[in-house]
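Chains, contacts and geometry: an overview
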Amino acid sequence: MSVNHNSNSVNLQNKKIAVIGIGGVGGYLAGMLASRYPHVTFAARGKRLKSIKKHGLTLHSDYHGKITAVPEHVVPVEELEEQDCIFVCVKNYSLEEVCRSMKHAVSDHTLIIPVMNGVDPGDRVRAILTKGTVIDSLIYIIAFANPDFSISQQGSFAQLYLGIRDADCTQRKAVNEAVSILAGADIDCKAAEDIEQAIWKKYILNCAYNVTTACYDNTIGQIRNDPVKASEYEALVKEAYQVALARHVHITQEHIDSIIHRFYCEYADNATSSLQRDVRAGKTNELETFSGYLVREAARLGVPVPVSERMYQILKEQTQSHIL
C-alpha cells in the first residue's frame, strides 16, 4: 500500500478504526477502510467472525472492483479496544444493545458514526453514550451480504453524507476529521450543510419505497404499473413530507417532486426492498423504522397519515403472523 507521508496522512494511518455490523453497508465500509488503514477492527459474531478471521473480507464492488481486506482484529463487540473512530452499521432494532456493549471502547475523543436507516439513530446513540462525539450520517448505496459472508456493492455510486445539526466549531472539526478518514479510504463522502434535511430526504423516499414494496410484496415495476398502488406510493411520500414540515425540517416541494420522479423514471422494474425481503422471509425487520416511527410522530404532531397507518397495520399483522 502506498502511503502519502504528509503529517495528516501519517496521523490517519495511526487511527484505530472499528466497524460494527459487517452486513451490506458495514461490509462495504469495512472492506474499504481495512484495505487502506492498518489498525481496523471488525466487530462480528459466530460464523461471520470465523470466516473473516480465516479468509479476510471479500468485497465485490461494481464501483471499486474486487477487494479482499484483512483487518487487524476481528472480535465480538464486547472485546473492542478503545477506538478513535467507530462506524455503527447494525439494524435499528439492535442499536441500543450494541451501544451498551461498546461503551468501554468509547473515550472523550472517539468519533461515533451510526450509518443506518431512519432519522433518529444519532439521537438514540447520544442518549446512551456519555463520551465521544456522535456524527449523524446517511448513505446512498446498494449493498448486501452473501451466503459466503462476502459483500456485494452494485452500481456506480456509494455516497456518504456526514454532519451534526447546529454544529459548533469543535463538532465541525470532528465532522471534517471523519470525512478525511473516509476519503482516505476512497469512500465518497461529504459534509452536509443541513444533515437533518439530507436524512429526511432519504427517509421520506424509504417510507414509500420500503413500505409499499413490502405491503404488496411487489417489485417497483409492478407498483409503478398499477395506478392504485402508484397513487398510494405518492400518498406515502406526501404524508411523510407533511410530518417533516411539522417537525420544521427544511424539506421543499422540489425535494418531493424529485423523489416521485425517481419512482416513475429511475428505479429498475425488478427493484425490491430490504423490508420486503425480510417480511417475506419472516425475519426480524425494520418496519418500526420505516413506518412505525412515522405513524407515531404523525400522531404526536397531529398530522393525518391514513395510508401510512393502514399499511403499517397490514405489515404489523404479517410480521406477527410469522412470529406466531
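Keep in mind the model is a prediction, meaning the values are calculated, not measured. (Residues numbered from 1 in each chain as written. Predicted model: local features only at pLDDT ≥ 70, side-chain atom pairs only at ≥ 80, totals over all residues. Heavy atoms only, no water.)

**Side note on the overall build of the protein**
Selection rule: Strands here are runs of E lasting at least two residues and helices are runs of H or I lasting at least four, both read from the DSSP assignment and numbered beginning at the N terminus. The contact criterion used throughout is that any non-hydrogen atoms of two residues lie within 4.5 Å. The Shrake-Rupley method, run with a 1.4 Å probe, gives the accessible areas here. Residue values count only the displayed protein chains as cover.
Within the protein one finds 13 helices and 11 strands. The principal-axis extent of the C-alpha atoms belonging to the protein is close to 60 × 45 × 35 Å. Partitioning the contacts of the protein with sequence separation of at least 6, the portion at a separation of at least 24 is 72%. Surface accessibility of the protein: about 15,000 Å² in total, with carbon and sulfur atoms responsible for 49%.

**Considerations on the packing of aromatic side chains**
We apply this condition: Pairing of aromatic rings covers Phe, Tyr and the six-membered ring of Trp, with a centre-to-centre limit of 6.5 Å; geometry is then stacked below 30 degrees between planes, edge-to-face above 60, and tilted otherwise. We call a residue buried when its accessible area falls under 20% of the maximum for its residue type, exposed when it is over 50%, and partly exposed in between, using a 1.4 Å probe and counting protein chains only. Criterion for a charge above a ring: Lys NZ or Arg CZ within 6 Å of the ring centre, and within 35 degrees of the ring normal.
Under the counting rule described, the total for this entry stands at 6 aromatic pairs. Ring centres 5.3 Å apart and planes at 85° place the aromatic pair Trp200 and Tyr203 in the edge-to-face group. Separated by 3 residues within a single helix, Trp200 and Tyr203 lie in helix α7 (residues 195–216), roughly one turn from each other. Per residue, the accessibility class of Trp200 equals that of Tyr203, and both read buried. Aromatic ring contacts, followed pair by pair, group Trp200, Tyr203 and Tyr293 into a single cluster. The cationic tip of Lys202 hangs over the ring face of Tyr140; the distance from NZ or CZ to the ring centre is 5.7 Å.

**A short note on the pairing of strand β7 (residues 111–114)**
Our working definition: Whether two strands pair depends on DSSP finding at least two bridges between them. Assignment of crossover handedness uses the view with strands pointing away from the viewer, where a clockwise path from the first strand over the helix to the second indicates a right-handed crossover.
Residues of β7 alternate between two faces, with Leu111 and Ile113 on one and Ile112 and Pro114 on the opposite face, all of them buried. Two strands pair when backbone bridges link them, and strand β6 (residues 85–88) and β7 are joined in this way by 4 bridges, in the parallel orientation. Within β7, the position partnered with Cys85 by the bridge is Leu111. Assessed by its sense of winding, the connection that carries the chain from β6 through helix α4 (residues 95–102) to β7 is right-handed. The pairing of β7 with strand β8 (residues 133–134) spans 2 bridges and is parallel. Following the sheet pairing, Leu111 is matched in β8 by Thr133. For the crossover from β7 across helix α5 (residues 121–128) to β8, the handedness is right-handed.

**A short note on the packing of helix α9 (residues 227–246) against helix α12 (residues 287–301)**
Two quantities define a packed helix pair, namely the angle between the axes and the distance from one axis to the other. Threshold: Only the stretch in contact is used when a helix axis is fitted, and all axes are lines through C-alpha atoms; the angle between N-to-C directions ranges over 0 to 180 degrees. Throughout this description, any angle smaller than 35 degrees is read as roughly parallel, any larger than 145 degrees as roughly antiparallel, any in the 65 to 115 degree range as roughly perpendicular, and the remainder as oblique. Crossing handedness is read from the near helix: turned anticlockwise from the far helix by less than a right angle, it gives a left-handed crossing, and turned clockwise, a right-handed one. Here the nonpolar group is Ala, Val, Leu, Ile, Met, Phe, Trp, Tyr, Cys and Pro; Asp, Glu, Lys and Arg are the charged ones; every other residue, Gly included, is treated as polar.
Contact geometry for α9 and α12: axes closest at 10 Å, N-to-C directions at 50°. The orientation of α9 relative to α12 falls into the category oblique. Classified by chirality, the crossing of α12 by α9 is left-handed. Seen from α9, the contacting residues are Ala240, Val243 and Ala246; seen from α12, they are Leu294, Glu297, Ala298 and Leu301. Of the residues in the contact of α9 with α12, the class split is 6 nonpolar, no polar and 1 charged.

**So, the nonpolar core**
Our working rule: Here, nonpolar core means buried Ala, Val, Leu, Ile, Met, Phe, Trp, Tyr and Cys residues that are tied together by side-chain atoms lying within 4.5 Å of each other.
Ranked by size, the top nonpolar core spans 48 residues in total, and within it Trp200, Ile204, Tyr233, Val237, Ile251 and Ile256 carry the most contacts. When contributions to this core are tallied by element, the ones reaching two or more residues are α7, α8 (220–224), α9, α10 (253–265), α11 (274–281), α12 and α13 (306–323). For this core, the element with the highest residue contribution is α7, accounting for 13 residues. Ignoring anything within four residues of it in the chain, the contact list for Tyr233 reads Leu205, Ala208, Tyr209, Thr212, Ile220, Ile223, Phe263 and Tyr267. In this structure, Val74, Cys89, Leu182 and Cys189 belong to the second largest nonpolar core, which totals 45 residues.

**Brief notes about the pattern of salt bridges**
Going by this rule: Salt bridge, as applied in this entry: a Lys or Arg side-chain nitrogen positioned within 4 Å of an Asp or Glu carboxyl oxygen.
For the structure on display, the rule yields 18 salt bridges. In this structure, Glu96 and Arg124 form a salt bridge, with 2.8 Å as the shortest nitrogen-oxygen distance. Of this pair, Glu96 sits in helix α4 while Arg124 sits in helix α5; the two residues are 28 residues apart in sequence, bridging distant segments of the chain. You can call Arg124 buried: its relative accessible area is 19%. Here Glu196 makes a salt bridge to Arg165, at a shortest N to O gap of 2.9 Å.

**Some words on helix α3 (residues 46–55)**
We apply this condition: Summarising the geometry, the arc corresponds to the directions from the helix axis toward the C-beta atoms.
Taken residue by residue, α3 has Leu49, Ser51 and Ile52 as its buried positions. Down the axis, α3 shows its buried residues gathered within 165° of arc, on one side only. With respect to the buried face of α3, the exposed residues turned more than 90 degrees away are Lys47, Lys50, Lys53, Lys54 and His55. Those residues of α3 that are buried lie in contact with β2 (40–43), β3 (57–61) and β5 (73–75). Just beyond α3, the residue with positive phi is Gly56, at close to 80°.

**Description of the pairing of strand β9 (residues 136–145)**
When β9 meets strand β10 (residues 151–163), the two strands line up antiparallel, connected through 9 bridges. Within β10, the residue paired with Ala145 across the bridge is Ile151.

**Overview of the sheet that holds β8**
Ordered in space as β5-β2-β1-β6-β7-β8, the 6 strands form an open sheet in which the pairing is parallel. Taken across any chain shown, the strands that pair with only one partner, and hence form the sheet edges, are β5 and β8. Across the face of the sheet, α4 comes into contact with β1 (17–20), β6 and β7 while running at roughly 160° to β6. The strands touched by α5 are β7 and β8; relative to β7, the strand with the most contacts, the crossing angle is about 140°.

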